[in-house]
Amino acid sequence: MKFDKKTFLADVERVLNSDYACDMKSAGRRELYNAVSKAVMEEAYADWSREKKSNRRRCGYFSAEFLMGRAIYSNLLNLGILEEVGDALKSVGEDLNQFEEVEDAALGNGGLGRLAACYLESAASKDIALDGYGIRYRYGLFRQTFENGFQHEEGDDWLKWGDPWSVRVDRDAVLVRFADQTVRAVPYDMPIFGYKNGVVNTLRLWQSEPVQAFDFASFNEMRGEVKANENFNATKITDVLYPNDNTMVGKILRLRQQYFMVSASLQDIVKKFKAAGKDLKALPEKWCFQLNDTHPVIAIPELLRILQTEGLSFEEAFDVCHKCFNFTNHTIMAEALEKWDALALSDLLPDVYEQIVACQQRLSSEGVDPNYFYIVRDNVVHMANLAIYVSAHVNGVAEIHTNILKTQTFKNWYERYPEKFVNITNGITPRRWMLLNNPKMARLIDSKIGTVWHTRLPELKKIKPFIGEMLPEFVRIKQENKQKLAAYIAEHEGVELSPDFIFDVQVKRLHEYKRQMLNALSVLWYYFGIKDGDITDFPPTAFIFGAKAAPGYYMAKAVIKFINEIARLVNSDAEVADKMKVVFVQNYNVSYAEKIVCAADISEQISLAGMEASGTSNMKFMLGGTVTLGTLDGANVEICEEAGSENNYIFGATVEEVAAIKQFYCPREIIEQNPRLKRALMTLVDGTFQDDSGMLQKLFESMTSGYEPDRYLVLYDFADYVRVKTQLLYDFGSDEFNKKCLVNMASVGKFSADRSVTDYAKLIWNL
Ligand code: 26Q
C-alpha cells in the first residue's frame with residue numbers, strides 16, 4: 001500500500017472527529033487505536049472490494065476456531081506500512097507500541113485455531129482465494145491467572161478495545177432454524193491482507209441475534225414449535241468459545257454453535273451463487289470447502305438439505321457435496337473424535353438428521369460390513385465417519401500422523417478409499433513468526449541473502465554458507481530477545497530471570513499426552529541433584545512454562561498446580577538461585593508466544609510418540625533458531641529430516657515401540673530403580689507441597705496406580721529424557737551448538753504455511 005503521512009494523519013484526525021468527537025491531542029489510547037485502524041481500513045477498501053467481487057473459484061475454510069491474535073501490527077506489516085505508521089505517529093508524539101495493550105482475538109484454543117489463522121494469512125500472501133467462515137464469539141478463550149498456584153479463569157472480553165478491523169454486514173444476515181428456535185446470523189467480515197501484494201481475502205464470522213427486530217414477516221412464518229423465550233436465548237449461541245482442546249464435550253449448545261455457523265455460511269454462499277443465475281449442480285465449479293476437523297462437519301447434511309429444497313435429488317446433492325467437501329483430521333485421540341447422540345441431534349435438527357440417515361442408508365446399500373463402516377450406530381452419530389464417507393479428500397497434518405490415520409484410526413476407510421487420503425504437513429506464517437516478532441533477526445538474514453525468503457521460506461537455506469560469520473550477531477540478537485522477555489516476565493509474573501541463563505521453554509495447551517509432567521519431574525530431579533551435591537557445575541537454566549488447561553480437565557489443572565509449587569520451592573531457595581529458576585507464565589496466548597518464541601534456547605516437544613498430530617510451535621521455535629528437545633512425534637520427525645537429527649536432541653520410545661511397551665508396562669520398577677526420580681514423584685504426596693485440594697494426590701495416583709498407571713509413559717521415557725536434556729544443557733553456548741541453531745533456522749523452509757496452502761490448493765482445492 002502506498003503511504004502518505006499527511007493523508008494518513010488527516011484520515012486519523014477525521015475518524016477521531018467524526019466517531020469520537022475528539023482530536024489527536026485529546027484522544028485516548030482506545031480512540032487512537034480505532035482511528036488508526038479505521039484509517040488503514042479505508043485505504044484498503046478498494047483492494048478488498050475487488051477481491052469480494054471477483055468471480056474466481058474459492059475455497060471456504062470452515063472452522064469453529066480462528067486464533068488470530070492481535071491484528072494491528074500484522075496488518076500494518078502485510079500492507080508494508082508498519083514503519084511508516086510508526087514514524088507518522090511519532091511525529092505527533094504518539095508511540096505505536098502503546099497498542100500492545102490491545103486484547104488478542106483469541107477465538108480459538110490452540111494449534112487447530114492458530115493453524116487456521118496462519119493459513120488465511122498465507123493464502124492471501126500466495127493469492128489463493130481462501131476465505132474463512134466461523135463464529136464471532138462474544139468471549140474468546142478465557143483469561144488465565146494463578147491464585148496460590150491454581151488456575152483461575154475469567155471471561156475474555158476481547159472487544160474491550162473495540163473491533164475496528166471488522167465490518168458488520170447487515171445486508172448479508174440470514175436466519176438459522178433449529179427445531180426449538182430461529183435466530184438471526186449477522187456476519188462480521190475481517191480483511192485478511194496478503195503480504196505486500198494487494199490481495200485481501202475475508203474472514204467472515206457469524207454472530208447470533210434475536211430474529212424479531214430483523215424481519216417480522218419471516219418471524220411470523222416461523223414454525224409452530226418455537227419457544228417463547230427464544231429471543232432471549234438467541235445471542236447465547238455465540239456467547240462463548242468452548243475451552244476444550246483435544247477433548248470432546250457433548251454439550252448440545254456446542255452442536256447449536258456448529259450448525260449455526262455452517263448453516264449461515266452455506267445459505268450465504270448458495271444465495272449468492274443462485275443470484276449469479278447458476279444451476280446449483282455446478283456449485284463445485286465455484287466452491288469447495290475445507291472442514292477443519294469434525295467441528296463443522298454438520299455442514300455436509302446441511303448442504304444436502306439445502307440442495308434438495310432447491311430441487312436436486314438426493315443423489316445429485318450427494319454428488320455436489322462429494323465434490324465440494326474435504327476433511328482435515330487433527331487428532332487420533334479417541335476422546336477428541338466427535339460423536340453425537342442421535343436422539344439429541346434429531347430433536348434439535350430433524351431435517352438435518354434425516355440427511356445423515358440417508359447417508360447411512362447409502363453407505364449400507366453399498367454392501368459394506370456394518371461393523372467397520374457406519375455413520376450412525378447404536379444411536380450415536382460418528383462425525384468423522386460421515387466426513388470421510390462424503391468428502392473427496394481426507395488429510396492428516398504430518399507424515400507420521402497421516403500414516404497412523406491410514407494404518408490405525410481410519411484403517412478400514414483407507415482400504416476402501418485409498419485415493420481419498422493425503423498428507424499435508426502443517427506450516428506457520430513466517431511473517432508473524434519472524435518478520436513481526438523477530439525483526440532484528442530478519443534484518444540479519446536480509447543482509448546476507450536479501451528478502452526473497454519473506455515469501456519463499458526454503459530460500460533460507462542460502463544462509464548456510466554464512467552461518468559461521470552470522471554466529472556472533474545471531475547470539476547477540478537472541479540475547480537481546482531474552483533480555484526483553486525477562487523484563488516482560490519480571491513485570492507480569494514477578495519472577496526475575498537472568499538472560500544469561502539457558503531459556504528452556506515448553507509452551508502449548510496443557511494435556512497429559514503433551515507430558516508437561518515429564519519436564520516438571522526433570523526440573524525436580526535436577527534440583528535435588530544440585531541440593532545433594534550430586535550435580536555440580538549445572539548450567540544455569542530458566543525453565544519456562546506456559547499453558548492453559550481446559551477448565552474441566554482436572555489432571556491438567558493438577559499439573560499446573562504442581563509446576564507452580566515447584567517454581568515456588570526452587571525460586572525461594574537461595575542455594576540454587578544462581579543455577580535455576582522456574583516460571584509458569586500466566587495467560588499464555590498468541591502475543592505472549594511472539595515474545596517467547598524468539599527468546600528460547602530449547603524447544604520442548606516431548607509428547608508421547610504417536611499422540612501429537614503435528615505440533616506447530618515446534619516450527620515456530622525452529623524458525624527462531626532454536627533446537628528441539630523432542631520425541632519422534634508429529635512434525636518433529638520431519639524437522640529432523642530437514643535439519644538433521646544431529647542438530648536436534650531426540651529421545652524416547654518411538655511410535656512402533658509404544659504399543660509393545662504398553663502391553664506389560666508397570667511403572668513401579670522404574671520408580672524403584674531411580675531413587676531421585678522417586679523422590680521427585682513423592683513430592684506429590686510427602687508434604688513437600690501444601691495442597692488441601694487433593695489434586696497432587698490424584699496426580700500421583702494417575703502416575704502410579706489404577707487401571708492404566710502412567711498412561712503416557714512419562715516414567716518410561718524419563719531416563720532417556722534427562723540423559724538427552726543434560727547433554728543439551730552441557731552443549732549449550734559452544735560455537736558448535738550455535739551452529740545447530742542456525743542450521744535449524746536454515747532448514748525450516750518446508751514448514752512455511754505458504755507451502756502448506758499451496759499443497760492444499762494443488763492436491764485438494766484445485767485452485
Ligand atoms: C470438540 C468437541 C467439543 C468441544 C471441543 C472440541 C475440540 C476443540 C478443539 C476438539 C479438539 C480441539 C483442538 C484440537 C487441536 O488443536 N489439535 C491440534 O491441531 C494442530 C494443528 O493441526 C496440531 O498441530 C496439533 O498436534 C493438534 O493437537
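Chemist: Quick question: what am I supposed to make of the confidence of the model for the protein chain here?
Modeler: Atomic detail in the predicted coordinates should be set aside for any region of low pLDDT. Per-residue pLDDT for the protein chain averages 96, and the proportion of residues at 70 or more is 97%. In this model residues 224-228 is a low-confidence stretch, pLDDT under 50, and it forms four contacts with partners more than four residues away in sequence or in other chains.

Chemist: What exactly am I supposed to notice about the environment of Asn 738 here?
Modeler: Locating Asn 738 in the fold gives a position in helix α30 (residues 735-746). Asn 738 gets classed as buried once you look at its relative accessible area, which sits at 11%.

Chemist: What should I look at first to understand the pattern of salt bridges in this one?
Modeler: Oppositely charged side chains can form a pair if their charged atoms are brought close together. On inspection of all chains with the given rule, the structure shows 60 salt bridges. For Lys 281, the salt bridge goes to Glu 316, with nearest N and O atoms at 3.6 Å. Residue Lys 281 is located in the loop between α8 (252-275) and α9 (283-286), and its partner Glu 316 is located in helix α11 (residues 314-324); the two are separated by 35 residues in the primary sequence. Residue class for Glu 316 comes out partly exposed when judged on its relative accessible area of 30%.

Chemist: Explain the nonpolar core here, please?
Modeler: A general trend in soluble globular proteins is that nonpolar side chains are found buried together. Counting residues in hydrophobic clusters, the biggest one holds 273 residues, and the most contacted among them are Ile 298, Leu 460, Leu 521, Phe 562 and Trp 765. With 11 residues, helix α20 (residues 516-532) is the single largest residue contributor to this core. When residues of this core are assigned to domains, at least three map to each of domain 1 (5-426) and domain 2 (430-751). Excluding residues that lie within four positions of it along the chain, Leu 521 makes contacts with Phe 562, Leu 677, Ala 680, Leu 681, Met 703, Val 714, Leu 715 and Phe 718.

Chemist: Help me understand the layout of surface pockets, please; the structure alone is not making it clear to me.
Modeler: If you roll a probe as big as a water molecule over the atoms, it shows you where there is empty space left. The space that makes up the largest pocket amounts to roughly 1400 Å³. Leu 82, Asn 97, Glu 100, Leu 436 and Pro 439 are, among the 37 residues lining the largest pocket, the residues nearest its centre. Every element with two or more residues in the lining of the largest pocket is listed here: α3 (72-78), α4 (82-91), α17 (430-436), α18 (439-449), α19 (467-493) and α22 (590-597). With six residues, α4 is the largest single contributor of residues to the lining of the largest pocket. When the residues that make up the lining of the largest pocket are grouped by side-chain class, the tally is 14 nonpolar, eight polar and 15 charged. When we break the lining of the largest pocket down by domain, the ones giving at least three residues each are domain 1 (5-426) and domain 2 (430-751).

Chemist: Sorry if this is basic, but what is going on with the site of the ligand here?
Modeler: Taken together, 22 residues sit near the ligand, with Asn 246, His 330, Asn 426, Glu 612 and Gly 615 positioned nearest. Here Tyr 513 contributes a side-chain N or O atom positioned 3.1 Å from an oxygen atom of the ligand. The separation between an oxygen atom of the ligand and a polar main-chain atom of Ala 613 is 3.3 Å. Expressed as a share of its isolated accessible area of 620 Å², the protein-covered part of the ligand is 98%. Here the ligand occupies the largest cavity. Its residues placed into classes, the shell around the ligand shows seven nonpolar, 10 polar and five charged. For the shell around the ligand, the two domains that each supply at least three residues are domain 1 (5-426) and domain 2 (430-751).

Chemist: It is not clear to me how the packing of α20 against helix α21 (residues 554-571) should be interpreted in this structure. Could you clarify?
Modeler: What describes two packed helices is the angle between their axes and the distance between those same axes. As a packed pair, α20 and α21 sit with axes 10 Å apart at the nearest point and diverge in direction by 20°. In terms of orientation, α20 lies roughly parallel with respect to α21. The two elements α20 and α21 meet at a crossing, and its hand is left-handed. Listed contacts from α21 to Gln 516, Met 517, Ala 520, Leu 521, Val 523, Leu 524 and Tyr 527 of α20 are Val 559, Phe 562, Ile 563, Ile 566, Leu 569 and Val 570. Of the residues in the contact of α20 with α21, the class split is 12 nonpolar, one polar and no charged.

Chemist: Help me out: how do you make sense of the packing of helix α13 (residues 350-364) against helix α14 (residues 383-390) in this one?
Modeler: Packing of α13 against α14 brings their axes to within 11 Å, and their N-to-C directions diverge by 60°. In this view, α13 runs oblique relative to α14, as classed from their interaxial angle. For the pair α13 and α14, the sense of crossing is left-handed. Of α14, the residues touching α13 (which contributes Ile 356, Cys 359, Arg 362 and Leu 363) are Leu 386, Tyr 389 and Val 390. Partitioned by chemical class, the residues of the contact of α13 with α14 number six nonpolar, no polar and one charged.

Chemist: What am I meant to see in the packing of aromatic side chains here?
Modeler: Aromatic ring pairs are described here by two measures, namely the spacing of the ring centres and the angle between the planes. Considering all chains together, one arrives at 32 aromatic pairs under this definition. Ring centres of Tyr 649 and Phe 737 lie 6.5 Å apart, and the angle between their planes is 35°; on these two criteria the pair is classed as tilted. With Tyr 649 in strand β23 (residues 649-650) and Phe 737 in helix α30, this residue pair connects regions lying 88 residues apart in the sequence. The buried category is assigned to Tyr 649, whose relative accessible area is 5%. Accessibility expressed as a relative area gives 2% for Phe 737, which makes it buried. By way of ring pairs, the aromatic residues Phe 314, Phe 318, Phe 373, Tyr 389, Trp 413 and Tyr 417 are connected into one cluster. Lying over the aromatic face of Tyr 488, Lys 595 brings its terminal NZ or CZ to 4.7 Å of the ring centre. Positioned above the aromatic ring of Phe 528 is the side chain of Arg 679, whose terminal nitrogen or guanidinium carbon lies 3.9 Å from the ring centre.

About the thresholds
Residues numbered from 1 in each chain as written. Predicted model: local features only at pLDDT ≥ 70, side-chain atom pairs only at ≥ 80, totals over all residues. Heavy atoms only, no water. pLDDT = per-residue confidence, 0-100. Contact = heavy atoms within 4.5 Å. Helix = DSSP H or I, 4+ residues; strand = E, 2+ residues; numbered from the N terminus. Buried < 20%, exposed > 50% of the residue type's maximum accessible area, 1.4 Å probe, protein only. Salt bridge = Lys/Arg side-chain N within 4 Å of Asp/Glu carboxyl O. Core = buried A, V, L, I, M, F, W, Y, C linked by side-chain atoms within 4.5 Å. Domains from an automatic or database assignment. 1 Å grid on protein atoms, 1.4 Å probe; cavity = no way out; pocket = protein on both sides within 12 Å on 5 of 7 lines; lining within 4 Å. Points joined across faces, edges and corners; volume = space filled by probe spheres on them. Nonpolar A, V, L, I, M, F, W, Y, C, P; charged D, E, K, R; others polar. Near = heavy atom within 4 Å. Polar contact = N/O pair within 3.5 Å; in protein donor to acceptor, adjacent residues only side chain to side chain. Areas by Shrake-Rupley, 256 points an atom, 1.4 Å probe, with all protein chains shown as cover. Sits in = over half its atoms within 2 Å of the grid points. Axes fitted to C-alpha atoms, helices over the stretch in contact; angles between N-to-C directions. Parallel < 35°, antiparallel > 145°, perpendicular 65-115°, else oblique. Left-handed = near helix turned anticlockwise from the far one by under 90°. Phe/Tyr/Trp six-rings, centres within 6.5 Å; stacked < 30°, edge-to-face > 60°. Lys NZ or Arg CZ within 6 Å of the ring centre and 35° of its normal.

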